[in-house]
Amino acid sequence: SAKLEHLAHHDGLTGLVNYGYLTRLLDHALIRAGRRDDTVVVMFFDLDGFKAVNDTHGHGAGDIVLQEVARRVQSRLRKEDVLARLGGDEFVIMLEQVNSPEAARRIAQLTLDAVKSIDEADGKPVSISASIGISSAHGRAGAQRGAAALLADADAAMYATKQAGKSGYTVSAGARWPDSPVLESVAH
C-alpha cells in the first residue's frame, strides 16, 4: 500500500515528486504562506540541449542525464524544498519562506551550475544547460491566486529565458515579494 502510494506521487525514472502531487503540495504551501504572510517561490525549468543527447546517444543516455539532473539539483536544495519532474525534461522547484528575489536568484544560479556540471552520460560527452522561469506568491493574495496561476507565471518566464538565448533565468513580472505592492482585483 505504501509502495503504491509512493508510485502514485513520484516519477518512476527519477524518484522525484510528479505533477499531480506537486500541485497538491503547492496548494498547501500557498495556504501556509497566506497564514504566515510568507512567500512561496516556483521555478519552472527545462533542459537546453537535451534533445541532442537523446538524438545522438539514445534514450538510455537521456535517462541517465535526467537522473543526474534530479540528483545534482536536489543536493543543492534544502530538505524541505520540493523538486518535481513534470515529464520529459521539465522540472519544477518549489521553495517556501524565500522572502527576496535575491534568495530566489541564488537558488536559480545553483540550479544552473548543477545542470551545467553534467558533462557525460554513460561515458558519452553531453552538453546541457537549463532555462529557468521564476515566480512567487506572497501572503493571502498568493493563496487566492492559486497553484495553477503561479505555475503558469513561472512557465511563461521560462519561455522568456529561452527567447533571450537560453541557459539562464527570468523572474516573472507577476512575482510578489513581501515588499511588493498588493495587486487588487476590482469587480465591475
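Presented here is an overview of the structure given in this document. (Residues numbered from 1 in each chain as written. Predicted model: local features only at pLDDT ≥ 70, side-chain atom pairs only at ≥ 80, totals over all residues. Heavy atoms only, no water.)

## So, unusual backbone geometry
- One non-glycine residue, Asp122, lies in the positive phi region at around 55 degrees.
- Residue Asp122 is classed as exposed on the basis of its relative accessible area, which comes to 53%.
- The residue Lys166 is not glycine, and still its phi comes out positive at about 70 degrees.
- Following the sequence through the fold, Lys166 ends up in the loop between helix H7 (147-163) and strand S7 (168-171). (Buried < 20%, exposed > 50% of the residue type's maximum accessible area, 1.4 Å probe, protein only. Helix = DSSP H or I, 4+ residues; strand = E, 2+ residues; numbered from the N terminus.)

## Digging into the sheet that holds strand S3 (residues 90-96)
- Sheet architecture is open: 5 strands sit in the order S2-S3-S1-S6-S7, paired in mixed fashion. Both outer strands of the open sheet, strand S2 (82-87) and S7, are each paired with one neighbouring strand and no more. Averaged over all adjacent pairs, the angle separating strand axes in this sheet is 20 degrees, with direction ignored.
- Of the pairings in the sheet, the one linking strand S1 (residues 39-48) to strand S6 (residues 129-138) comprises 10 bridges and is antiparallel in character. Directly across from Phe44, in S6, lies its bridge partner Gly133. (Pairing = 2+ DSSP bridges. Axes fitted to C-alpha atoms, helices over the stretch in contact; angles between N-to-C directions.)

## Quick notes on the packing of helix H3 (residues 50-57) against helix H4 (residues 59-76)
- Viewed as axis vectors pointing N to C, H3 and H4 meet at an angle of 145 degrees, and their least axial separation amounts to 7 Å. Note on element contacts: H4 touches H3 through His59, Ala61, Gly62, Val65 and Leu66, opposite Phe50, Val53, Asn54 and His57.
- Residues that form the contact of H3 with H4 fall into these classes: 5 nonpolar, 4 polar and no charged. (Contact = heavy atoms within 4.5 Å. Nonpolar A, V, L, I, M, F, W, Y, C, P; charged D, E, K, R; others polar.)

## Side note on the side chain of Ser131
- Examined against the element boundaries, Ser131 turns out to sit in strand S6.
- Separated by 2.9 Å, the side chains of Ser131 and Asp48 make a polar contact.
- If near-sequence neighbours (up to four positions away) are discounted, Ser131 is found in contact with Phe44, Phe45, Asp46, Asp48, Met158, Thr161, Lys162, Lys166, Ser167 and Gly168. (Polar contact = N/O pair within 3.5 Å; in protein donor to acceptor, adjacent residues only side chain to side chain.)

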